[in-house]
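Descriptive analysis of the structure
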Amino acid sequence: SPTLEEGLSFYIPEHQSQIRELFLACYEQGIPYDAELQIINASGEPVWIRTSGEALRNNLGEIIGVHGAFQDISERVELENRLRQSQKLEAVGQLTGGVAHDFNNLLTVVIGNAQILTESIDKDNKLHPLAEMILQAGYRGAELTRSLLAFARKQPLDPRAIDIKQLMVRLWPLLERALGGEISLRLITDEHLRRIMVDPGQFENALLNLALNAKDAMPDGGQ
């Protein structure tokens, strides 16, 4: 039978004060306990267990100790954590889908008016490039909302044959802005790349994520 301090040493430091209170209440007042805490196993790893105990009495009814048991519940806790994470992702997906739908409605107005401006302003007018920029930004926003809807599983993916080089050139300004001046960015491609079947929005998101991960890995700049 371990001493009190030996028994407490089974638990991770963060849970030792809690089990001390439960154990002393059981030993001094006969209050049984049942709690879910973490102990350190023989390999030195934390393991979730259900620990329960009750007072051990002699023939006179006096408390002479505490006896109890551990039950390994690490698998159940892991399943519960996965379920909670899944529920969080589902909630994020629902929120994302709702926001994307609303934003898409706003973009419809932006794109529609930008198209009218682009068509009504002469190409040699200095305002024409500005109207064109608004229109292209609207199209880009529509692509992003489509990607968000795909993430929220409210819209199917749309794989089609695309020219990667053209897609990269279109994405280039966004990549440069995302990476900032400390990162040197170069595009090296073969002259005759084959077209591939892919959802353009998802492909762009993948490239952007790769670029941002690379930036995080190079806090002092790089190439």
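Please read all numbers here as calculations on a predicted model, not as lab measurements.

**Let's talk about the environment of Glu78**
Checked against the element boundaries, Glu78 lands in helix H3 (residues 74-120). Taking the relative accessible area as the measure of exposure, Glu78 reaches 38% and is therefore partly exposed. Between the C-alpha atom of Glu78 and that of Trp48, which follows or precedes it by 30 residues, the distance is 9.3 Å.

**Points about the pairing of strand S3 (residues 63-72)**
By the bridge criterion, nine bridges tie strand S2 (residues 46-57) to S3 in an arrangement that is antiparallel. Following the sheet pairing, Ser52 is matched in S3 by Ala69.

**Observations concerning the pattern of salt bridges**
Charged atoms that come close allow side chains of opposite charge to pair. Under the defined criterion, the tally for this structure stands at five salt bridges. Measuring nitrogen to oxygen at the nearest pair gives 2.8 Å for the salt bridge that ties Arg76 to Glu36. Taken together, the positions of Arg76 in helix H3 and Glu36 in strand S1 (residues 33-40) put the pair 40 residues apart, joining distant regions of the chain. In this structure, the salt-bridge partner of Glu80 is Arg76, at a minimum N-O distance of 3.1 Å. Of this pair, Glu80 and Arg76 both sit in helix H3, four residues apart, which is roughly one turn of that helix. A residue is classified by how much of its surface remains accessible, and Glu80, at 32% relative accessible area, is partly exposed. Since its relative accessible area comes to 34%, Arg76 is described here as partly exposed.

Reading guide: rules and limits
- Residues numbered from 1 in each chain as written.
- Predicted model: local features only at pLDDT ≥ 70, side-chain atom pairs only at ≥ 80, totals over all residues.
- Heavy atoms only, no water.
- Helix = DSSP H or I, 4+ residues; strand = E, 2+ residues; numbered from the N terminus.
- Buried < 20%, exposed > 50% of the residue type's maximum accessible area, 1.4 Å probe, protein only.
- Pairing = 2+ DSSP bridges.
- Salt bridge = Lys/Arg side-chain N within 4 Å of Asp/Glu carboxyl O.

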